[in-house]
Amino acid sequence: MRTITIIITCLAIASGCSTGNKTGTSVPVIRCELAVIGGGSGGFGAALAAAQLGMDVVLVEKADCLGGTSVRSGVNCWEMAAGTTGIPFDLYKRLKQQTNAIGIYSFGRHGSWFNPTLDPYRYPGGETIIDPARRYLDTLQRYRPPEMVKGEAFSRKYWHGLTFEPDAMAQTMLVMLKETGHCRVLLNTSFISAQVKNNRIESVKLSNGKNLVATYYIDTTGDGLVCTSAGCQAMMGQESRETFGEPHAPSNASRRVNGISLIYRVTPIHNPSIEPLPAGITNMCWWTKKFPSAHNNHYPNGDLNINTLPTMDGAEFLQRGYHDAMEECNRRVLAHWHYLQSNYPEFQKFKICWIAPSLGIRESRRITGEYVLTENDLLAGVNGQKHPDIICLADHAMDTHGGHARGISDLPEPYGVPYRCLIPKGQRNLLVACRASSFSSLAASSCRLSRMMIQLGQAAGTAAALAKELKVDLPDVPAERLRNSLRQQHVQLEHPMPTDLRTYLQLE
Ligand SMILES: Cc1cc2nc3c(=O)[nH]c(=O)nc-3n(C[C@H](O)[C@H](O)[C@H](O)COP(=O)(O)OP(=O)(O)OC[C@H]3O[C@@H](n4cnc5c(N)ncnc54)[C@H](O)[C@@H]3O)c2cc1C
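As the structure is a computational prediction, the values presented were derived from the model and not from experiment.

Asks: How should I be thinking about the pairing of strand S2 (residues 26-37) in this particular structure?
Replies: Remark: a regular strand shows side chains that alternate across the two faces of the sheet. Examined bridge by bridge, S2 and strand S11 (residues 211-219) share eight bridges and lie parallel to one another. For Val36, the partnering residue across the bridge sits in S11 and is Ile218. As defined by bridge partners, S2 adjoins strand S3 (residues 57-60) across four bridges and the pair is classed as parallel. Counted as the bridge partner of Ile37 is Val60 from S3.

Asks: Teacher, can you tell me more about the sheet that holds strand S13 (residues 264-268) here?
Replies: Two orientations exist for strands paired in a sheet by backbone hydrogen bonds: parallel and antiparallel. Spatially, S4-S7-S5-S6-S14-S15-S13-S16 is the arrangement adopted by the eight strands of the open sheet, whose pairing is mixed. In the strand order of this sheet, the two ends are held by strand S4 (77-78) and strand S16 (350-355), each with one partner. Alignment of S13 against strand S15 (residues 304-308), held across three bridges, turns out to be antiparallel. Bridge pairing links Arg265 to Asn305 in S15.

Asks: Looking at this model, I keep getting lost on the environment of His270. Mind explaining?
Replies: With respect to the helices and strands, the residue His270 is situated in the loop between S13 and strand S14 (294-298). Accessibility expressed as a C-beta count within 10 Å gives 6 for His270, which makes it exposed. When the C-alpha positions of His270 and Asp377 are compared, they lie 51 Å apart, and in sequence the two are 107 residues distant.

Asks: Looking at this model, I keep getting lost on the packing of helix H1 (residues 41-52) against helix H12 (residues 450-470). Mind explaining?
Replies: A pair of packed helices is captured by two measures, namely the crossing angle of their axes and the spacing between those axes. Where H1 meets H12, the closest approach of the two axes is 6 Å, and the angle between their N-to-C directions is 35 degrees. For the pair H1 and H12, the crossing hand works out as right-handed. Along its contact with H1, which presents Ser41, Gly42, Gly43, Phe44, Gly45, Ala46, Ala47, Leu48, Ala49 and Ala50, the element H12 presents Ser450, Met453, Ile454, Gln455, Leu456, Gly457, Gln458, Ala460, Gly461, Thr462, Ala464 and Ala465. Split into classes, the residues belonging to the contact of H1 with H12 amount to 12 nonpolar, 10 polar and no charged.

Asks: Please explain the site of the ligand as it appears in this structure.
Replies: Every one of the 37 residues lining the ligand counts as a neighbour, but Gly38, Gly40, Gly68, Gly360 and Cys434 are closest to it. Broken down by secondary-structure element, the contributors of at least two residues to the shell around the ligand are H1, helix H2 (69-72), S4 and H12.

Asks: What is the right way to look at the packing of H12 against helix H13 (residues 479-488) in this model?
Replies: Close contact between H12 and H13 brings their axes to 10 Å; oriented N to C, the two are set at 120 degrees. Taken together, the axes of H12 and H13 lie oblique to each other. In this structure, the crossing between H12 and H13 has a hand that is right-handed. Residue-level contacts link Ala459, Thr462, Ala463 and Leu466 of H12 to Arg481, Leu482, Ser485 and Leu486 of H13.

Asks: What's the story with the domain arrangement of the chain in this structure? I'm lost.
Replies: Splitting the chain by domain gives domain 1 (10-258 + 362-508) and domain 2 (264-355). Put simply, the middle of domain 1 and the middle of domain 2, counted by C-alpha atoms, are 28 Å apart. Contacts between the two partners involve 25 residues from domain 1, matched on the other side by 19 residues from domain 2. Of all the secondary structure elements, the ones that give two or more residues to the side of domain 1 that touches domain 2 are strand S5 (102-110) and strand S6 (125-130). The leading source of residues in the side of domain 1 that touches domain 2 is S6, at six residues. Residue composition of the side of domain 1 that touches domain 2, by class: eight nonpolar, 12 polar and five charged.

Asks: I would appreciate a short explanation of the environment of Met55 in the present structure.
Replies: You can see Met55 is positioned in the loop between H1 and S3. For Met55, a count of 25 C-beta atoms within 10 Å gives the class buried. Taking C-alpha positions, Met55 is 8.5 Å from Cys32, a pair spaced 23 residues apart along the chain. In contact with Met55, not counting residues within four places along its chain, are Glu33, Leu34, Ala50, His182, Ala464, Ala465 and Lys468.

So, how was this worked out
Residues numbered from 1 in each chain as written. Predicted model: local features only at pLDDT ≥ 70, side-chain atom pairs only at ≥ 80, totals over all residues. Pairing = 2+ DSSP bridges. Helix = DSSP H or I, 4+ residues; strand = E, 2+ residues; numbered from the N terminus. Buried ≥ 20, exposed ≤ 12 C-beta atoms within 10 Å, placed from the backbone. Axes fitted to C-alpha atoms, helices over the stretch in contact; angles between N-to-C directions. Left-handed = near helix turned anticlockwise from the far one by under 90°. Contact = placed C-beta atoms within 7 Å. Nonpolar A, V, L, I, M, F, W, Y, C, P; charged D, E, K, R; others polar. Near = placed C-beta within 6 Å. Parallel < 35°, antiparallel > 145°, perpendicular 65-115°, else oblique. Domains from an automatic or database assignment.

Right under this line is the structure:
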């Protein structure tokens, strides 16, 4: 697959300022009103929302493109998700204008819909297929009200997500940010450390040798790197039932995390064949009892995206470390593909054309915020929750890949995420708006979808713009002002969906 490398020159050269360091030489400084660190889904949402509201934003991303996990880990699927009506809808409309950049899918096949008497051939997992009859509004429901019967008919009728071309996604994100005229994007630039005083970040050090000084900061690194450097408390692994009173949490806490996947892409070929196994890779599954199932999404151009569920258990990943895990996952992917081709002849019509350059990490560190979202919020649903500061909705199942504690698989209605989940405990000018936001392990297993992360980012960016306008710290942004601003940006905060929002979404 073609990789577009976008080199953005750092336009944000110092505003004539510099800071002295210990050696007496001066360190160049980049100044802005809002620094967003990490250019994945959360970072894009945060930077775009703030820049559209007129803030002077700098977005820092260590890779050579935007999109994070959605692009570099090959997670090019926006699963069905309630509440993703703000920036994700705008991004969808932009991608829809481009050939083969995005499509809406329906479920084609699923391993659990197997009926051996009707059809002895069992597909090795799930398969989604682009369905031109579908509209964005169709992609906004994952929850299953109790009166609806679970099963194939329900999933076929209500479950529709989106698949996109990663390069088009990365490019479009960049274009949308540039169009605001208020956002400088620094690619190939890493956050190194934060300088903190009195619960406020004063500046952050970047890999380009510069210091970034902002009034407000948003950590969207996925791992809560800025928060950790600022001394914030973090959670890792599974909490015990007692910690948050979650009914499905294990009795004892553990270090277990959600499994990881190395996603690969296959493209059609003219002459069906089985690709030979490279030297050193056997045709056996050496890491688990049998080859894991796969979830296969059709790209808009007809290629297949193959996600082994999972490629490596989370505990093994932590033990091995990133580089060793990446090498091992590459070997597993080749063995997995050989297994698919050898056992399911339909795959012989494809060959591997891309293996993601980055591992897909579902869960790592989570930052303890002013509020921790738990399974109890998910079970209560937005109409049962009593929070005054809900800034987005979600409805994905509690979904762990790796066999450890599972919550219920279908929520009865969407639940809300409070703004306080974005405020690291005690911090005055820092928010965290990514999968490292303040969620319990079980809540995170639900509240981590890409469009959700964009929505968290949109709320964080909007909060920063309001903080600037009102000249207050981030925790002091009035919840109702924030919620009203989000509603004006077409973000769904109520369930069922208000009629005017539904009408707006119909105009795609
Ligand atoms: C295998 C897998 C399958 C999934 N399937 C789905 C699915 O089907 N549908 C769905 O909606 N969701 C899915 N998810 C979940 C979803 O993709 C992620 O939760 C979401 O993309 C995370 O977004 P984020 O913004 O929190 O983090 P990321 O997208 O990871 O963004 C973090 C960004 O920060 C950057 N960064 C990190 N460190 C630094 C640093 N020091 N300096 C500068 N930048 C830095 C990274 O390069 C990255 O771009 C899946 C996840 C995985 C792993």
